[in-house]
Amino acid sequence: MVICNPKEVVMGAVKIIKKESALICKGESQSMLHKKDFKDVFKFSWEHLYREILKFCPGLLSILTAATSETPPNLSNKGLRHILVASAVLLHGRNQLMSLIHYIIGLIMSHGGCTLKTIERLCNIGLSVHPSSINKKLSDWENFLDSEISILKQSWENGSDIKYQLVGDNWDKNILPSYRTSQQQTVSLHLFNLIAVVDRVIPQPDSFVTKAIKTAEEIELTQYIPSVEEQNQLMTEFTFLYATSIIENHPQLNKHFKNVYPVHLDHSCSQYAGTKTCQYPLGLYDCNENKTQEVIRLMKELTNKYVPTKDGEIIEPIFFGGDRLTDERIQCAQTAMSNASSAKERLEGFISKIEDFHRLMNFLEAIFKLTYCTKSSYEQGTVYYYRNILNLRNVKGNVKNSYRAYKMLYYTILDALFMVFFLLHFGLDKIEDELPLPVGFETFTQPAKIRWLNNTCSSILKERFFDSSSDLFSKLREGLGNSDHPENYWISNNKDGRLQCHFCNKTYAYVGSLKSHEKDIHSVHIDVPKGRSTQKSVKTMEDHLYMLFKLVLLHKNLDSAVDMGDGERCVRSAKYELPVYNLTNKTKYMIGSIHLTSLTSGMLPSDQEKRLINNRFINLQGGKNNNMALDEYVEMVNRDSKVACSGHQTKESILSHSKEYPHLINISKHFDSVSEVRKRKGFHHLPSYKEDVNKVTKDLLQMKIFSENVSRELKSKSIAADRNLFDKCLPRLSTMIYRHRPSGPFHRLRNQ
């Protein structure tokens, strides 16, 4: 029988713990808790800390483990993190320099908006460092924001092929006073958030043909709408979308094709689509983009920081992306400085461009204008009817405020129309009916099965989308290409950028001046057809659904192009959006489509054009179908920075700490990653998307709109119903293209 003295055992353990603690707290130990530099914070992981404690302090770890759990915890167990934090707190108490964990806790508290007093209280009980230490640390880190971009700028100046672009958006915030008086009102802040994105696709000289730069006059009006070849390419893209949808929603095809059909539509840059991108948030700038003078000041600052120069001359302009408002404001600033003596002073270090997330949102708004009416809830087959049938209560208000909710509603109806057309193609009227697959289909090879499905989908699209025609834009092309058409009368006599009278030698800079001259002097008045016919015609539900089908399919094509990193498809989509924007009077984004098409139709050098087309995306997690638009990422950075700045309630404090927010956001995200913190998924039961598609499919099949010769009248007068909507888009289009096509890549404001 062994007799032990508990006091002696404890004293022996104390000696062991003292020795272990003294050893790890020495500077020679190179403990990770000693290291608190920028890179050290972002290299932190619980696994590394556990291995270090196990190596230097096995006794301390055993005692804390015994106090925490009956069984040894593993790395994924939250109890082990408790042990490691307790170890760090104890070692920090012995040596104040062992403070990595305390810095991380303090930084996370700062990200959450804790006051300095709260962090100081945590410091006094040993859970954090002092708030002044955190502020000093963050101020020391400010230079790390753009350090990588500064290195890339220098290498760019020395001839490197690795380049970058800037993307920005307005950052608006209302600061509410604790109590409102005539002196204390709501403060509305208008700042500017900026990120830098390194190009993922580097154009190689042998990958493009060097072409002569075109002027605006050399780009024909018909180039702003899709050519027949581009519509053939569209058929390939639509076939992929159709097949993917029908496989997902039809149980029989899902069984045959789920593991056979590709999930990614190959394009010229598919090999880069799954590569993670490098992006660097650059913080907030004191700039209200509604004020041209402030935009000029910002662009001068960014020119000195980020535009590659040599001997004071710009080596190559960089792209500056954003929404249409940002695009316009940069052009205003460049126009305001157009009389300066050098390209740098004229702010020609930037070529502004429109990004794709806001294009998607505004394209859906245009579709919404044509197809959505809250008074149509009683009419079976309308979008608002299905919104109520599916009980989608989050589909409300403006599209820009509920974009994803509206998008899913429209995609549900689109997938249901896919199903209806597919079933009718085989003469079926129920989802449960067996599809008449070819004889011996089970023995087909995978390529043969895919070929059969693609051919079936193509034949359906040829009939339902392209109306059995080779050119859906034939009437639009005829109007834009015919100089004798009434729409082109006023712009047909273009002489060196001026408009000449049809009856004398006078020239004018503006269409309005020419109209007045010919009316007053020559008594000429040209009647241009109106946008909408004054004759009353019966709208049918069939025409409305065909129009809805075409528009939403075009939107989904752009959406999937962004997901798959297909820049060429994104740029081509602008030609399909342009007529719709013209019809729905969305002038701002119509101008954006004109500019994007101009820049990618020969107005830029070949290498810049390729960079503009192929580097339109950000990929945060890898994977060919996980890309997002650049401006969508800026929206995410805006949202995160508004959370990080919640502890600052004045413009001065927000601006003084603005360069800290990206670091706080990145630290919190890194900590969430190493600690396996997952986002809250909510409490509501969301209905299955497949069930919604099936519900709409069955409803459309019961209506028998597409399978009977009897037309059903559309009673909602505010909803459009044009089977080929593009035939109605010609009025004003040629004049708008002529007025807004840019004369160069920099000064792109309209020509009256």
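Residues numbered from 1 in each chain as written. Predicted model: local features only at pLDDT ≥ 70, side-chain atom pairs only at ≥ 80, totals over all residues. Heavy atoms only, no water.

The name given to the protein chain in an unreviewed UniProt entry is C2H2-type domain-containing protein, with the source organism recorded as Patella caerulea.

A. Up close: the environment of Thr-303. Mapped onto the fold, Thr-303 is located in helix H13 (residues 292–306). For Thr-303, a relative accessible area of 2% translates into the label buried. It is 9.3 Å that separates the C-alpha atoms of Thr-303 and Ile-314, two residues lying eleven residues apart in sequence. Other than its neighbours up to four places away in sequence, Thr-303 contacts Lys-344, Leu-347 and Phe-350. Within the structure, the side chain of Thr-303 is placed 2.6 Å from the backbone oxygen of Met-299, a separation counted as a polar contact. (Helix = DSSP H or I, 4+ residues; strand = E, 2+ residues; numbered from the N terminus. Buried < 20%, exposed > 50% of the residue type's maximum accessible area, 1.4 Å probe, protein only. Contact = heavy atoms within 4.5 Å. Polar contact = N/O pair within 3.5 Å; in protein donor to acceptor, adjacent residues only side chain to side chain.)

B. Molecular detail of the UniProt feature "domain: C2H2-type" (unreviewed entry) in the protein chain. Per the UniProt record, "domain: C2H2-type" (unreviewed entry) is found at residues 499–523. Secondary structure within residues 499–523 divides into 44% helix and 16% strand; the distance between the first and last C-alpha atoms comes to 18 Å. (UniProt positions renumbered as here; feature names shortened; annotations may be inferred.)

C. The nonpolar core, seen in detail. Grouped together as the largest cluster of nonpolar side chains are 133 residues, with contacts concentrated most on Phe-422, Leu-453 and Phe-465. Here this core gets 16 residues from one element, more than from any other, and that element is helix H17 (residues 403–425). Dropping the residues within four chain positions of it, Phe-422 is found in contact with Tyr-242, Ile-246, Leu-253, Leu-435, Leu-453, Thr-456, Cys-457 and Ile-460. Judged by nonpolar contacts, the second largest core, of 44 residues, contains Phe-38, Ile-119, Ile-175 and Tyr-661. (Core = buried A, V, L, I, M, F, W, Y, C linked by side-chain atoms within 4.5 Å.)

D. Geometry of helix H20 (residues 511–521). Of the positions making up H20, those classed as buried are Val-511, Leu-514, His-517 and Glu-518. The arc that holds every buried residue of H20, seen down its axis, measures 125°, which confines them to one face. Residues of H20 that are exposed and point over 90 degrees away from its buried face: Lys-519 and Asp-520. Ser-523 sits one or two positions beyond H20 and adopts a positive phi of about 55°. (Arc of directions from axis to C-beta.)

E. Inspection of the layout of surface pockets at higher detail. Within this model, the largest pocket holds a volume of roughly 1700 Å³. It is helix H27 (residues 661–674) that provides the largest number of residues to the lining of the largest pocket, a total of nine residues. Looking at the lining of the largest pocket residue by residue, the classes come out as 20 nonpolar, twelve polar and 13 charged. Roughly 630 Å³ of volume is contained in the second largest pocket. Together, 24 residues line the second largest pocket, and Thr-244, Ser-245, Glu-248, Val-263 and Lys-556 are the ones closest to its centre. Listed by contribution, the elements that provide at least two residues to the lining of the second largest pocket are helix H10 (228–249), helix H11 (251–257), H17 and helix H21 (541–563). Top contributing element to the lining of the second largest pocket by residue count: H10, with seven residues. The residue makeup of the lining of the second largest pocket, split by class, is eleven nonpolar, six polar and seven charged. (1 Å grid on protein atoms, 1.4 Å probe; cavity = no way out; pocket = protein on both sides within 12 Å on 5 of 7 lines; lining within 4 Å. Points joined across faces, edges and corners; volume = space filled by probe spheres on them. Nonpolar A, V, L, I, M, F, W, Y, C, P; charged D, E, K, R; others polar.)

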